[in-house]
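# Structural description and commentary
Spelled out from the first residue to the last, the chains are:
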Amino acid sequence: MAASAPTPPATGFPAEGRCGYFVEKKKRFCRMVVAAGKRFCGEHAGAAEEENTRKRILCPLDPKHTVYEDQLAKHLKKCNAREKPKPDFFIQDINAGLTDETEILEQLVPISSLSEEQLENLIKKLRKASEGLNSTLKHHIMSHPALHDALNDPNNGDSATKHLKQQASILGNIEKLKLLGPRRCFVEFGAGKGKLSHWVDIALKDAEKVHFILVEKGTTRFKVDGKHRKKNSVFERLQIDIQHLCLNKIPVLREGKLPVVGIGKHLCGVATDLALRCLIETYAASCEERNEEPLAKRIKNDKTEKEINTLAKERNENIVPEKWTPVAGIVIALCCHHRCDWRHYVGKEYFRTLGLGAVEFHYFQRMSSWATCGMRKTSLETSTMTTQPKGNQKDDEEHDDGGYRITDDSADSLPGLLTVEEKKKIGHLCKLLIDQGRVKYLQQKGFSPALQYYTDPLVSLENVLLTALPNHSSPETTA
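Here's a quick rundown of the structure. (Residues numbered from 1 in each chain as written. Predicted model: local features only at pLDDT ≥ 70, side-chain atom pairs only at ≥ 80, totals over all residues. Heavy atoms only, no water.)

Attention now moves to the environment of Asp-62. Here Asp-62 shows up in the loop between strand 3 (56–58) and strand 4 (66–68). When the C-alpha positions of Asp-62 and Asn-80 are compared, they lie 8.8 Å apart, and in sequence the two are 18 residues distant. (Helix = DSSP H or I, 4+ residues; strand = E, 2+ residues; numbered from the N terminus.)

In C-alpha cells:
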C-alpha cells in the first residue's frame, strides 16, 4: 500500500516535488507529483497558466485593493467602496456653516515658521481678547450609582477606570440638570461604541419611551448597542458625518415629538461645532417654525367624543414639560480644540466683536494643543529629548489622553521664547476663548450654557464639560 503524500509545510509553499497549484476549496496545495523541471501537474497546468495571464488592476473606487480586469464590472456592483444610496436624513453640508474667509488659511505658515515678533503679537491679541474671562471654572466632578459596580471591578485596567470615571461624571451632570428621565431622545454625537448611551440607559432603568440615536461616521467594532433589548428603550445607529445630519428627517423625531438631549464624550474640535449647529439651527429652528396641527384634526372623524378625550388625556400625560422644547438640553465633554475649523466654528460673531478673524482663530486653535501636549519637566531652552506618548493605547471609541501627546506644534517646534508653563497657560487661554465663542452662540440662541471641569486632569487632560439648557428651564443647581 502506497504511503500517503506528506502534508505541505506551514511555510505557505508546496512540498518538494509536488504541484504548486493552491486548491482554494481544500485550502491546501495540490499533492500530485510533478515532472522534472515542471511547477504544476498535468491537471492544473492549464488552469495555472490561465490564471497567470489574467491581469489585475487597481479598483477605481478604492485603489487600496486590486481586482481581475475581466471581472471589474461585476466587482464594481458589490465593492464596499461603492457609493451607497443616501438616507433621507442626509443633506449635504446642512450643518457646515458658511465658507467665508477659508481661502485665507491656505496661505498661512506653521507656528514654527513664525518670527518671535509675529508670535508675540498673536499672544498679545489672545491676552487682550481674554481679559475679563473667568479662567477658573467650577468643579462639577460627579458620579452615578449606575456605574458603581463597574467602577469597583478589580479587573479594570487604568484606561478602563479613567473612562468609567468620566462616564460616571457626565451621567451625574446629566441627572443634575434633570435631563435623565422618560419620554425623550438622547442623541450621542461621536458615539463610537455607544458606551455613554449604554450607561444612560442603565441609569434610566425601566423609564418609558426612551430612544437613543448614536451618530458615528466611521465603522465601529465591539459596539454595545446590541446588549439593549428593553421594550421601553430603542437604540438606532446612524453611520453619517454630523456635517450632513438632518435630525428632523429621522422618523422618531419627526413623528414622536420627543425632546432631544444632545450628549457626547470627547467630541473632537470641529465635531462639537457641527453638533451644536445640528441641534440648534437645523433641528430646533425647524421644529419651532413648523405649525402644529391641533390634536382633534389628527383624529379620524369616526372617533367618538369619549375616545377623543381619552386620546387627549394620554397625550397630555406623555408630554411632561408644560412648554415643549425640541432640544431639552446639551451635555458635551469637549476635546481637541486644535482640530477646530473656522468654517464650521459657531463662535465667529464673538471673535469678530473682539477684532479677531480667521487668521487669529487658526493660530489660536493650533496653540490650544500646548495645554495638553508639551508637558515636560525641563524647560525649552535645555530640552533636547522627545517625549514619547505615555499610556497612549487609544481606545477605538475614545481618546486616552491621560498621557502626553506630540503634534506638529509641540514644545520643540519653537525657539527658547516660552517656558513650558507659559505655553501651557497660553494653550488653556486659547481653549477658553474658543469655548467662550460657543457659550455666546448658545446664549444668542436662547440657551443658558455653562463650562465646568467634570473630571480630574489626572484622569483626562481634556476635562471641560459644556452644558446648556433652554432659558425657560430652571433645574435646581448646586455650586
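Here we take up the pairing of strand 9 (residues 260–268). Most of strand 9 sits inside the fold, with nine of its nine residues counted as buried. Sheet topology note: the strand 6 (residues 184–189)/strand 9 ladder contains four bridges and is parallel. The residue of strand 9 that forms the bridge with Phe-186 is Val-261. Taken together, the seven bridges between strand 9 and strand 10 (residues 327–335) define a ladder with parallel strand orientation. (Buried < 20%, exposed > 50% of the residue type's maximum accessible area, 1.4 Å probe, protein only. Pairing = 2+ DSSP bridges.)

Note on placement: Ala-146 falls in the loop between strand 5 (138–139) and helix 4 (148–151). Sequence-wise, Ala-146 and Gly-172 are 26 residues apart; in three dimensions their C-alpha atoms are separated by 9.7 Å. Leave out the neighbours within four places in its chain, and Ala-146 touches Leu-171, Trp-199, Ile-202 and Ala-203. (Contact = heavy atoms within 4.5 Å.)

Once that is clear, we can look at helix 5 (residues 158–176). End to end, helix 5 covers 27 Å across 19 residues, agreeing with the expected 27 Å (1.5 Å per residue, within 8%). All buried positions along helix 5 are accounted for by His-163, Leu-164, Gln-166, Gln-167, Ala-168, Ser-169, Ile-170, Leu-171, Gly-172, Asn-173, Ile-174 and Lys-176. Its buried side turned inward, helix 5 meets helix 4, helix 6 (195–204), strand 9, strand 10 and strand 12 (464–470). (Expected span 1.5 Å × (residues − 1).)

This paragraph deals with the pattern of salt bridges. This model, assessed by the stated rule, comprises nine salt bridges. A salt bridge links Lys-431 to Glu-462; its shortest N-O distance comes to 2.9 Å. A residue pair is termed long-range when its members are at least 10 positions apart, and Lys-431 in helix 12 (residues 420–444) and Glu-462 in the loop between strand 11 (447–453) and strand 12 qualify at 31 residues. No difference in accessibility class separates Lys-431 from Glu-462, as the two residues are buried. In this structure, Asp-435 engages Arg-438 in a salt bridge whose closest nitrogen and oxygen atoms are separated by 3.1 Å. Of the two residues, Asp-435 and Arg-438 both sit in helix 12, three residues apart, roughly one turn of that helix. In this pair, the class of Asp-435 matches that of Arg-438, namely buried. (Salt bridge = Lys/Arg side-chain N within 4 Å of Asp/Glu carboxyl O.)

In the contact formed by helix 3 (residues 116–129) and helix 11 (residues 358–367), the axes pass within 11 Å of each other and the chain directions differ by 90°. In terms of axis orientation, helix 3 runs roughly perpendicular to helix 11. Between helix 3 and helix 11, the contacting residues are Leu-119, Leu-122, Lys-125 and Leu-126 on the first element and Glu-360, Tyr-363, Phe-364 and Met-367 on the second. Of the residues contributing to the contact of helix 3 with helix 11, the split by class is six nonpolar, no polar and two charged. (Axes fitted to C-alpha atoms, helices over the stretch in contact; angles between N-to-C directions. Parallel < 35°, antiparallel > 145°, perpendicular 65-115°, else oblique. Nonpolar A, V, L, I, M, F, W, Y, C, P; charged D, E, K, R; others polar.)

To continue, consider the side chain of Lys-348. Relative to the elements of secondary structure, Lys-348 occurs in helix 10 (residues 348–353). Engagement of the side chain of Lys-348 in a polar contact is seen with the backbone oxygen of Arg-343, the distance being 3.3 Å. (Polar contact = N/O pair within 3.5 Å; in protein donor to acceptor, adjacent residues only side chain to side chain.)

Here the focus is the side chain of Asn-463. Here Asn-463 lies in the loop between strand 11 and strand 12. Overall, the relative accessible area of 8% leaves Asn-463 in the buried class. For Asn-463, the side chain forms a polar contact with the main-chain oxygen of Thr-455, separated by 3.2 Å. When neighbours within four sequence positions are excluded, Asn-463 is seen to be in contact with Gln-452, Tyr-453, Tyr-454, Thr-455, Asp-456 and Pro-457.

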